[in-house]
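Chains, contacts and geometry: an overview
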Amino acid sequence: MKKNDEHRRINIIDASKTLKMLVLVVAITFSSVLSASTNPIENAEPASITETVTDLLQNPNFQLYEDVNAMVKIFINEDNEIVVLSVATENEAVESFIKSRLNYKSLSKKVNGNSKSFKIPVKLVKSK
């Protein structure tokens, strides 16, 4: 009778191992299928945000007689738009220009992570 009980325990252990293995295989299969079927969203890196800002600030509609530096603080809202929080510069025309060109302009890529506030140094060079 001891052999019979021992044989049953071995069968139960083998069945348990087989069941665990089967569950593991099914879990891996589903996770692979789910990750393969999602459409990944291309995320914006700080460098691409800077590129977007640079593009938006091209060709100012006024003359600059000297180079002007500014520190621009922006926030990316839930609609993936730039919101200008502040522009630190002595030149009011440059401040107004930056705000009008950047405020509520959409980014082409989603911002990744929790950080949605950025400080961007801007240099506008004098007109030729």
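Notes on the structure in this doc start here. (Residues numbered from 1 in each chain as written. Predicted model: local features only at pLDDT ≥ 70, side-chain atom pairs only at ≥ 80, totals over all residues. Heavy atoms only, no water.)

Observations regarding the nonpolar core
Among the nonpolar cores identified, the biggest contains 23 residues, and Val 72, Ile 74, Ile 98, Leu 102 and Val 122 are the most heavily contacted of them. Counting only elements with at least two residues in this core, the list comes to helix 2 (46-56), strand 2 (68-76), strand 3 (82-88), helix 3 (92-102) and strand 5 (117-124). Among the elements that make up this core, the one with the highest residue count is strand 2 (5 residues). (Core = buried A, V, L, I, M, F, W, Y, C linked by side-chain atoms within 4.5 Å. Buried < 20%, exposed > 50% of the residue type's maximum accessible area, 1.4 Å probe, protein only. Helix = DSSP H or I, 4+ residues; strand = E, 2+ residues; numbered from the N terminus.)

Section: the sheet that holds strand 2
Taken together, 3 strands build an open sheet; the order of strands is 3-2-5 and the sheet is antiparallel. If you trace the sheet from one side to the other, it starts and ends with strand 3 and strand 5, each paired once. Geometrically, the sheet is characterised by an average inter-axis angle of 30 degrees between neighbouring strands, direction not taken into account. As paired elements, strand 2 and strand 3 share 6 bridges and run antiparallel to each other. The partner of Ile 76 across the bridge, within strand 3, is Ile 82. In the packing of helix 3 onto the sheet, the strands contacted are strand 2, strand 3 and strand 5, and the crossing angle to strand 3 comes to about 170 degrees. (Pairing = 2+ DSSP bridges. Axes fitted to C-alpha atoms, helices over the stretch in contact; angles between N-to-C directions. Contact = heavy atoms within 4.5 Å.)

With respect to the pairing of strand 2
Here strand 2 shows a buried face lined by Val 68, Ala 70, Val 72, Ile 74 and Ile 76 and an unburied face lined by Asn 69, Met 71, Lys 73 and Phe 75. Sheet analysis places strand 2 next to strand 5, joined by 8 bridges and oriented antiparallel. Residue pairing in the sheet places Phe 75 in a bridge with Ser 117 of strand 5. In sequence, strand 2 turns back onto strand 3 through a hairpin of 5 residues, with Asn 80 there showing a positive phi of about 65 degrees.

Focus on the side chain of Asn 80
Topologically, Asn 80 is positioned in the loop between strand 2 and strand 3. Under the relative-accessibility criterion, Asn 80 is labelled buried at 9%. Beyond its immediate sequence surroundings of up to four residues, Asn 80 is in contact with Lys 105, Ser 106, Leu 107, Lys 109, Lys 110 and Val 111.

The analysis is restricted to geometry; functional conclusions fall outside its scope.
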